[in-house]
Amino acid sequence: MKGGPYHDMLHSILGAYTCYRPDVGYVQGMSFIAAVLILNLDTADAFIAFSNLLNKPCQMAFFRVDHGLMLTYFAAFEVFFEENLPKLFAHFKKNNLTADIYLIDWIFTLYSKSLPLDLACRIWDVFCRDGEEFLFRTALGILKLFEDILTRMDFIHSAQFLTRLPEDLPADEVFASIATVQMQSRNKKWAQQQCSGVLLTGVSQELGEQRREQSLQDCVTPLAISLGLAGSPENSLVGGAVCAAERQPGNGKRKPIPQTLRLRGYLHLALKQSSTWHLYAFRLKPVKSRGSFRVGFLMLELALKQNSS
Amino acid sequence: MTSACPQALKPLMNPRKKVDLKLIIVGALGVGKTSLLHQYVHKTFFEEYQTTLGASILSKIIILDDTTLKLQIWDTGGQERFRSMVSTFYKGSDGCVLAFDVTDPESFEALGIWRDDVLAKINPMEQSYPMVVLGNKIDLEDRKVPQEVARGWCKAKDMPYFEVSAKNDINVVQAFEVLASQALLRYQGTVESHLVDSIKLSPGQPKSRCC
């Protein structure tokens, strides 16, 4: 809200982003993501993290509203939904409750709109480590936690419940529920590869194809990768460091979901290596000078100054 | 129900008819779709802006003549880019509210596109799909869309027009009830034509949305 705390910061970040990616621009829901970052980082760092977060393929698909790709994500989600919760899946199917009704909100804002902030931060924490798969795993965890209630509800009540989750969601129960979700369905799994390309092995070739194209584009901006906020955690600086620390004997086993809030740590670690990336951004994507983006410009200048000193 | 039904038996057969209707509200970003719905359903108004992503669904039960209507109203995100995405939610709707902001000419100019978009998703042959237009925020000082212009546009397209304020609760209930009654008429029309064309043994199957 205008005049409220952080209003100007939020405005700067969103304005700067429209300069950096005029092809994406401002999209409803972005402010929720930026808000979480502002609470954890200063303006310049928050902007950097924000941009790179949105460069991730899943986020790009949603914020560009690439309908085809989004539907593919929903379809992939449904494969794991049916595998994990067949009863509820059938119930939703019967009632015509489609995944987009609740997933759009959850995925767009990375749960920062629908869940309490502390819980959302913990989910971001693991999302930074595990990638987009975890967003969908979380969705299944929530559905699983409320499976009994939801199976007894009709369409309208389920839809209302899922688009407005209880405010007092117990974090530990949510995470315990997420931990029981299997993201492997026979020979299908949600695999992620380097350079932000993600392949749903066996689930959808199409997604892989579309993705590969897009991820090439994403590769042009090395910033995202150097930041570690994009791409597979194993191959990135942040994820790499953290994963190395966490690596367990008998690799290949699923790592346990961390119990502590480490978002701050992840983001700061990510930012350590990023001093010149937005210079790249400038060269690659000359910013169009439009009056309304002046705020964004000031913000970018500030970011440049801060990083060069 | 049908004309074949003797007049005297009607009340006995339908002490109170129950009908489920699906309504949608569309329009540009920030025109007040969510606020209009909250005013209508919950009789509340929030000053803070809360963006809608995907869909949010509200329900309200009203009584119209001798019929209990269970309204299911779908609220959608209004950013232009979301149009292709939210249009899947229009499917099966019985009526639509087109909303704009009288202080924002662009939101008025966008109405035509929203309307076409909705009509394209509904049975395209249908002329009688009920729509009402709401010019919101008449409580604000800096009005930009003249009432006559809005009224003229709606008249040309044969849609009822309402000047409303979600904040001060002006005309909101009236607008929704006009839409609901038109949607009910259309629903009764389709039920009747179903009964005339062929006798369906699964009662209310095309419309019933309760479980």
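Fair warning: this is a prediction, and the values are worked out from it, not measured in the lab. (Residues numbered from 1 in each chain as written. Chains lettered and ligands numbered in written order. Predicted model: local features only at pLDDT ≥ 70, side-chain atom pairs only at ≥ 80, totals over all residues. Heavy atoms only, no water.)

This paragraph deals with the nonpolar core. Membership of the largest hydrophobic core comes to 143 residues, with the highest contact counts inside it found for Tyr102(A), Phe108(A) and Leu143(A). If sequence neighbours within four positions are ignored, Tyr102(A) has contacts with Phe77(A), Phe81(A), Phe92(A), Leu97(A), Leu143(A) and Leu162(A). (Core = buried A, V, L, I, M, F, W, Y, C linked by side-chain atoms within 4.5 Å. Buried < 20%, exposed > 50% of the residue type's maximum accessible area, 1.4 Å probe, protein only. Contact = heavy atoms within 4.5 Å.)

All names here are of chain A. Considering every residue of chain A, the mean pLDDT works out to 70; 61% of them sit at 70 or more. Confidence scores differ between elements of chain A, with helix α14 (residues 222-227) showing the lowest mean pLDDT of 29 and helix α6 (residues 86-94) the highest of 98. For the stretch residues 193-253, pLDDT sits under 50, and the model shows 123 contacts to residues farther than four places along the chain or on other chains. Across residues 259-297, where pLDDT falls below 50, the model places 82 contacts with residues more than four positions away in sequence or in other chains. (pLDDT = per-residue confidence, 0-100. Helix = DSSP H or I, 4+ residues; strand = E, 2+ residues; numbered from the N terminus.)

Before going further, it helps to examine the side chain of Lys22(B). Residue and element names in this part refer to chain B. With respect to the helices and strands, Lys-22 occurs in strand β1 (residues 17-27). Although Lys-22 is buried, it forms no salt bridge, and the closest oppositely charged side chain is Asp-94 at an N-O distance of 8.1 Å. In terms of polar contacts, Lys-22 uses its side chain to reach the backbone carbonyl oxygen of Phe-89, at 2.9 Å. (Lys, Arg positive; Asp, Glu negative; His and termini not counted. Salt bridge = Lys/Arg side-chain N within 4 Å of Asp/Glu carboxyl O. Polar contact = N/O pair within 3.5 Å; in protein donor to acceptor, adjacent residues only side chain to side chain.)

The next subject is the interface of chain B and chain A. Taken residue by residue, the interface counts 26 residues in chain B and 28 residues in chain A. For the pairing of chain B and chain A, the buried interface totals around 2,200 Å² over both sides, and the portion due to carbon and sulfur atoms is 62%. Our count for the chain B to chain A interface comes out at 0 salt bridges. Where chain B meets chain A, there are 7 residue pairs in polar contact (both at pLDDT 80 or more). Contributing elements (two or more residues each) for the side of chain B that touches chain A: β2 (55-64), β3 (67-76) and α3 (83-86) of chain B. The dominant element in the side of chain B that touches chain A, judged by the number of residues it contributes, is β2(B), at 4 residues. Looking at the side of chain B that touches chain A residue by residue, the class counts come to 11 nonpolar, 12 polar and 3 charged. (Buried area = accessible area lost by both parts, 1.4 Å probe. Nonpolar A, V, L, I, M, F, W, Y, C, P; charged D, E, K, R; others polar.)

Turning to the packing of aromatic side chains, a few remarks are in order. Tallied over the entire structure, the rule returns 22 aromatic pairs over all chains. Where Phe155(A) meets Trp74(B), the ring centres are 5.7 Å apart and the plane angle is 15°; that geometry is what we call stacked. Of this pair, Phe155(A) sits in helix α11 (residues 155-163) while Trp74(B) is found in strand β3, placing the two residues in two different chains. For the pair Phe155(A) and Trp74(B), one class covers both residues: buried. Centroid distance Tyr40(B) to Phe176(B): 4.3 Å. Interplanar angle 5°. Geometry classified as stacked. Here Tyr40(B), found in helix α2 (residues 33-42), pairs with Phe176(B), found in helix α7 (residues 172-197); they are 136 residues apart in sequence, far enough to count as distant. In this arrangement the basic side chain of Arg122(A) is found over the ring face of Phe175(A), its NZ or CZ atom lying 4.2 Å from the centre. Here the guanidinium or amino end of Lys60(B) rests over the ring plane of Tyr40(B), the centre of that ring lying 4.8 Å away. (Phe/Tyr/Trp six-rings, centres within 6.5 Å; stacked < 30°, edge-to-face > 60°. Lys NZ or Arg CZ within 6 Å of the ring centre and 35° of its normal.)

All names here are of chain B. The full count for this structure, using the stated rule, is 9 salt bridges over all chains. Among the ionic pairs, Glu-47 bridges to Lys-167, the shortest N-O distance being 3.3 Å. Linking Glu-47 in the loop between α2 and β2 with Lys-167 in the loop between β6 (161-163) and α7, this pair joins segments that are 120 residues apart in sequence. Here Glu-47 falls in the exposed class, since its relative accessible area comes to 53%. You can call Lys-167 partly exposed: its relative accessible area is 39%. With a closest N to O distance of 3.6 Å, Arg-186 and Asp-94 form a salt bridge. Within this pair, whereas Arg-186 is found in helix α7, its partner Asp-94 is found in the loop between α3 and β4 (95-101), the two being separated by 92 residues in sequence.

Now for the layout of surface pockets. Any empty space left between the atoms is revealed when a probe the size of a water molecule rolls over them. Residue and element names in this part refer to chain B. Taken as a whole, the largest pocket holds about 1,500 Å³ of empty space. Along its surface, the largest pocket is lined by 48 residues, and Thr-34, Glu-48, Tyr-49, Gln-50 and Thr-51 are the ones closest to its centre. Here the residues of the lining of the largest pocket sort into 17 nonpolar, 19 polar and 12 charged. (1 Å grid on protein atoms, 1.4 Å probe; cavity = no way out; pocket = protein on both sides within 12 Å on 5 of 7 lines; lining within 4 Å. Points joined across faces, edges and corners; volume = space filled by probe spheres on them.)

With respect to the element layout, Leu53(A) can be found in helix α3 (residues 43-55). Under the relative-accessibility criterion, Leu53(A) is labelled buried at 3%.

All names here are of chain B. Spatially, 6 strands are ordered β2-β3-β1-β4-β5-β6 in an open sheet, and the strand pairing comes out mixed. A single partner strand is all that each edge strand has here, and the edge strands are β2 and β6. In this sheet, adjacent strand axes meet at a mean angle of 25° when their direction is disregarded. (Pairing = 2+ DSSP bridges. Axes fitted to C-alpha atoms, helices over the stretch in contact; angles between N-to-C directions.)

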